[in-house]
Amino acid sequence: MKSRLLLLAIGTSALAADPNPKADDIAGNEAVKKIMETRPGRGVMRDDTPPTAPQDAVKLFKTRSDVAIDLMASEPVVDQPLYVSWDSKGRMWVTQYRQYQFPAGLKIVSYDQHLRAKFDKVPLPPPRGEKGADKITVFEDTDGDGFFDKHEDVITGLNIASAALHGMGRIWVLNPPYLLSYPDADFDAKPDGDPEVELSGFGLEDTHSVATSLQWGMDGWLYGANGSTTTGNVSSANTKNVKWEGQCIWRYHPKKKTFEIYAEGGGNTFSLDFDSKGRLFSGTNGATRGMHYEQGSYGIKGWGKHGPLTNPYAFGWFEHMRHEGDNKRFPQAFTIYEGGLLGSAYEGKIIAPNALHNLVYVSERLPDGSTFRTKDEEQLITTKDRWFRPVWAGVGPDGGFYMADWYDTRLSHVSPVDDWHKTSGRIYRVRPASGAPRLKPFDLSKASGEELLGYLSHQNEWFRKQAVLEIAWGKQAELAPKLSDMLDGPHGLEALWALDMLDHSLEGQNKSVQDLRYAAQEKAIHSKDPYLRRWAVKMVGDADGLSFCSLDNLHGETHPEVRAQLLATAKRLPAVLALPRLQSGDAEDESGHLPLLAWWALESKAEKEREAVFHYLKTHLDFLKTKLFRDHLAEKLAKRYALAGGEENLNSCADLLALTNDETLRGKFIAGIAAAFEGAEMPKLPDSLTKALNDYMAKQSGGDLTLALRSGNADALAKALKLLSDAKATNTARIAIAKTLAELGKQEAVMPMVAILKSSAAPSLKRGMLQAAAKFDDKRLPEALLLGWEGQIAGDKALREDALRVMAGRKEWAQILMNFVNEWKVPAKHFTIDIVRQLSLHKDADIDASIEKHWKGLLATGPTPEKKREAERIKAVIKTGLGDAEKGKIQFMGRCFACHKLFGEGGAIGPELTGYDRANVDFWLDNIFNPSLEIREGFGAYIVKTKGGQILTGLMDAQDANGIVIKDMANNKTAVKQADIEKMEASPISLMPEGLTTGMSDADLKNFFAYLMKK
């Protein structure tokens, strides 16, 4: 208790000077200054709610009955805490992000549509550059009473410093664009001199998502996370220009001076954690509990905003861990609790604070094939204090669960206004309700060898891992025999880690230690413990001494996590060693991870070691018959070669076809080749491939007409046009041919399409035709739609709206459409708000005049008197009681179902609503009347203008280096090649229409909200 009194006795008064810079201080030009002064904020912005004093805020927390919460530090000693770590003396290092959100000494010269900044220069590394307000503060419990009684600012003047971590006799500080290391040989927590620049090139575009979360891996590498809206072009002494866009997990080897991306993707990867088995996880800004990463894997990203993956041939990605429970978004802070103190109810569970909703989750991890799924349990903490914004979570040496609380009403970074509350911040600890833990002062750096061996079996994972590190850093070679003896025990994994890192710290100069390490790794390969096997395999991939042939002992491996590591390691090995490991992917895996890992391993050799790939495929014909190859690898491999292009790669496509006479497998190869050229005519192909394709098509009862069209077959166009006009052919075949003809720009297809659109054909066929017809800039198409509007189009709502979207996408077509609306030949009521908004993007005076005439005020965003009156009406109605939820479901199905899921039913254009604060009327009204104020990550719209004159709007469904896929409000997906994009930008306007309650009676509203708010 005394430490809290000590920290708070200094006072909590605000700084005398305003710490928030103004536009004049930051803007590099008038255009940027105007944006800063006029751009509306989006998301949870600062309000006038008063803060609660630290000791009173603790009283507002409601916790599980078996735990209590302690205030460990607060303002004025701690402001804007972002990251926390502990050193081998148990001292707590707090990184205070007080300079956020603008780097000192830099000016913004431009913003992009995502409010990512471009600065006038690259800052110099501390201490040479402009001094910022960030600092590192160290807290210490000198008497072991369980609370801190001493603190000291050990490094100041930092400028966007996001994490600090002690180790190897140095203080490691992430200060993007740099990773710095300060010498601290005497371990007094104070730098002995200026820092060394270890890495440079981390992005600063969005200081909300910079590189952070430094952690020591049990492989001797230093790991970190990079957020979603910054980029990287990182160099070290021995690695140059490693580039990426968006979120990733990276690592750096302090001795080898090498840097690499460990895994890509995720939410806003602003946290990472290793569990006691060395598995890697991160939190997320989505609605699950986070990501589980395998080495070399690729994960889901927010396409468009966060850019494509670094590998254009990834052809897939890991999703977040499947989740069951609360679906409120933003459990970004994340840790896996293995501290021993809180008891078995928490051990191995995810504890994830949700800063957006002022609560803390506890979630169980359950196996899901080679990965995990999560399931919520009773929440650990809730509070009504809206200022509670936990941004970091972890476990301390005392076994307590710690949180860094940013403490502010504002949470959104999507605003250039710097009005953060920069003089507040708290550090909390959750511990057993029975009392605070006491931990006598210790120093693992001075512990004896026997003491360190004892710590390897400590109940708190922190001590186990820190002892491993100190054995290595202290070069305690005499411990090697005893570590070897521990391999068969319950802490064999810690012993393996320690032996491995110890030998590396000795740089292979102690042969007895090296021999024991090799023997330990060989023993681990044969162990009954799958996690020892897994780590031995990982060490092979990291080139850590184990003989490659040892992997042959795992040929019959059944454990899914070991299989996953075998495939991840295969990606790092030469092809002759890697390709036999692909068999590990031929197993059932509910998550789908194993086939993807197998593909990424194979893809990495496709061009670089082409000869070895084909030698393996020709000499292992049984592999071609496996489910893995036939269902997951064959088509991807052919597509990969075809996409890469060039004579050698196209010859490889022919070589694949020559591998087998199995027509089903050859069909897979053909499908991959065809997919590579989707949207364009095939280039001139090598004779060997042309013959192989022609032979294949000749055997397919008349040939694969789609492929024949793309390959330039002389008879294919006539056959295709005949099929397109054949009313007896299947709709699926006619739509596929129409799509291909349109992508190839075959103008001859226009009149058959016109005939179909004018006919009484099924709406499903016409909808398919529309997506193809949209690619032709030919006014006969909109005229066909409009002249037959009443009789052939308007009767089917889905067809009608698709037709309007297609016509709204081209300026000339939109002008023709508006003439029909102005003449009352097409009813204005047929238009949805997204279609009207699409019309407005042409910036045409006549179209704008028609919008003003027919839909005046429809496109207004933000608060209006009309919206305010309607919201007040709804509130008054609901106050009198709710109605019939079952009747309300009918309203939901008509107004919301196409875009939103609720109770497991609905579309995926917008976020699922089940997990939101549905009992809160204000939540619903804010989102119904002002949906653009906060657009949830992943559901922002994009506006794409093609070189062919189309304007497309919708969600970014996928992106790679080859192009994008846009999904509109009707769930229609349009692929656009990168070369065909003239302009692409994020829309600041939500896809959600604002007139949702228009026309609803009081009874309708009662029923509607009864369903929305149903428990």
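Structural data are supplied above this passage.
Residues numbered from 1 in each chain as written. Predicted model: local features only at pLDDT ≥ 70, side-chain atom pairs only at ≥ 80, totals over all residues. Heavy atoms only, no water.

A. Region of interest: the pairing of strand β7 (residues 134-140). When you tally the buried positions in β7, you get 6 out of 7 residues, the bulk of the element. Alignment of strand β4 (residues 92-96) against β7, held across 5 bridges, turns out to be antiparallel. If you follow Trp93 over to β7, its bridge partner there is Val138. Inspection of the sheet shows β7 paired to strand β8 (residues 150-158) by 6 bridges, in the antiparallel sense. (Buried < 20%, exposed > 50% of the residue type's maximum accessible area, 1.4 Å probe, protein only. Helix = DSSP H or I, 4+ residues; strand = E, 2+ residues; numbered from the N terminus. Pairing = 2+ DSSP bridges.)

B. The arrangement of the packing of aromatic side chains in detail. Inspection of the entire model under this criterion finds 42 aromatic pairs. When the centroid spacing of 6.1 Å and the interplanar angle of 80° are considered together, the rings of Phe202 and Phe259 count as edge-to-face. Of this pair, Phe202 sits in strand β12 (residues 196-202) while Phe259 sits in strand β18 (residues 258-264), placing them 57 residues apart in sequence. Classification of Phe202 by relative accessible area gives buried; the value is 2%. Here Phe259 falls in the buried class, since its relative accessible area comes to 4%. Judged by centre distance (6.1 Å) and plane angle (65°), the rings of Phe442 and Trp462 are edge-to-face. Note that Phe442 is positioned in the loop between β30 (426-432) and α5 (449-455) and Trp462 in helix α6 (residues 461-473), a separation of 20 residues in sequence. Pairwise contacts between aromatic rings join Tyr83, Trp86, Trp392 and Tyr402 into one cluster. Between the NZ or CZ atom of Arg429 and the centre of the ring of Phe147, over which it lies, the distance is 5.0 Å. Above the face of the Phe315 ring, Lys639 is positioned so that its terminal group lies 4.7 Å from the ring centre. (Phe/Tyr/Trp six-rings, centres within 6.5 Å; stacked < 30°, edge-to-face > 60°. Lys NZ or Arg CZ within 6 Å of the ring centre and 35° of its normal.)

C. Inspection of the pattern of salt bridges at higher detail. Applying the stated criterion across every chain yields a total of 66 salt bridges. Across the salt bridge formed by Asp778 and Arg780, the nearest N and O atoms sit 2.7 Å from each other. For Asp778, a relative accessible area of 10% puts it in the buried group. On the accessibility criterion, Arg780 (34% relative accessible area) is partly exposed. Of the charged contacts in the structure, one is a salt bridge between Arg873 and Glu870, with a shortest N-O distance of 3.0 Å. (Salt bridge = Lys/Arg side-chain N within 4 Å of Asp/Glu carboxyl O.)

D. Representation of helix α8 (residues 492-505) within the structure. Here α8 is 14 residues long and its end C-alpha atoms lie 20 Å apart, about the 20 Å a rise of 1.5 Å per residue gives. Counted residue by residue, α8 has 13 buried out of 14 residues, so it is predominantly covered. With its phi angle positive at about 55°, Glu507 sits one or two positions after the end of α8. (Expected span 1.5 Å × (residues − 1).)

E. View of the nonpolar core. By size, the foremost hydrophobic cluster in this structure holds 156 residues, and its most contacted members are Phe202, Trp250, Leu617 and Ile673. Those residues in contact with Phe202, other than ones at most four positions away along the chain, are Leu174, Pro176, Pro177, Tyr178, Leu179, Ala211, Asn226, Thr231, Val234, Trp244, Trp250 and Phe259. Counting 54 residues, the second largest nonpolar core, distinct from the first, contains Leu744, Ile756, Ala774 and Phe831. (Core = buried A, V, L, I, M, F, W, Y, C linked by side-chain atoms within 4.5 Å. Contact = heavy atoms within 4.5 Å.)

F. Molecular detail of the sheet that holds strand β29 (residues 401-405). Pairing in this open sheet of 4 strands is antiparallel, and the strands run β2-β30-β29-β28 from one edge to the other. Either end of the sheet is taken by a strand with one partner, and the two such strands are β2 (67-74) and β28 (390-395). Taken pair by pair, the neighbouring strands of this sheet meet at an average axis angle of 25°, ignoring direction. Where β29 meets β30, 5 bridges bridge the pair, whose relative direction is antiparallel. The residue bridging Tyr402 from the neighbouring strand is Arg429, located in β30. (Axes fitted to C-alpha atoms, helices over the stretch in contact; angles between N-to-C directions.)

G. View of the environment of Leu744. Note that Leu744 resides in the loop between α22 (731-743) and α23 (750-758). Classification of Leu744 as buried rests on a relative accessible area of 13%. Taking the C-alpha atoms as reference points, Leu744 and Leu479, 265 residues apart in sequence, are found 70 Å from one another.

H. Spotlight on the environment of Asp87. Position of Asp87 relative to the elements: it lies in the loop between β3 (81-86) and β4. Along the sequence, Asp87 and Leu444 sit 357 residues apart, while their C-alpha atoms lie 9.0 Å from each other. For Asp87, the contacting residues outside a window of four places in its chain are Trp93, His166, Phe187, Trp462 and Gln466. Here the side chain of Asp87 touches Lys89 through a polar contact of 2.9 Å, landing on its backbone nitrogen. (Polar contact = N/O pair within 3.5 Å; in protein donor to acceptor, adjacent residues only side chain to side chain.)

I. View of the sheet that holds strand β33 (residues 941-946). Taken in spatial order, the 5 strands line up as β36-β35-β34-β33-β37 in an open sheet, and their pairing is antiparallel. Edge positions in the sheet fall to β36 (973-977) and β37 (981-986), since each of these pairs with one other strand and no more. Neighbouring strand axes in the sheet, compared pairwise and without regard to direction, differ in orientation by 40° on average. In the sheet, β33 pairs with strand β34 (residues 951-960) via 5 bridges, with the strands oriented antiparallel. By the bridge assignment for β34, Lys945 is matched with Ile951.

J. A look at the packing of helix α11 (residues 560-570) against helix α13 (residues 593-603). The N-to-C vectors of α11 and α13 enclose an angle of 15°; their axes lie 8 Å apart at closest approach. Relative to α13, the element α11 is oriented roughly parallel. For α11 against α13, the interelement crossing comes out left-handed. Contacts from Pro560, Arg563, Ala564, Leu567 and Ala570 in α11 reach Leu594, Leu597, Ala598 and Ala601 in α13. (Parallel < 35°, antiparallel > 145°, perpendicular 65-115°, else oblique. Left-handed = near helix turned anticlockwise from the far one by under 90°.)

K. Structural view of empty space enclosed by the protein. This structure, assessed with the given rule, holds 8 cavities of 30 Å³ or more. Here the largest cavity is characterised by a volume of approximately 560 Å³. Contributing to the lining of the largest cavity are 35 residues, with Tyr83, Gln215, Asp273, Val395 and Trp462 lying nearest its centre. Of all elements in the fold, only β3, β13 (212-216), β19 (273-274), β23 (335-336), β28 and α6 reach the threshold of two or more residues within the lining of the largest cavity. Residues that form the lining of the largest cavity fall into these classes: 20 nonpolar, 11 polar and 4 charged. (1 Å grid on protein atoms, 1.4 Å probe; cavity = no way out; pocket = protein on both sides within 12 Å on 5 of 7 lines; lining within 4 Å. Points joined across faces, edges and corners; volume = space filled by probe spheres on them. Nonpolar A, V, L, I, M, F, W, Y, C, P; charged D, E, K, R; others polar.)

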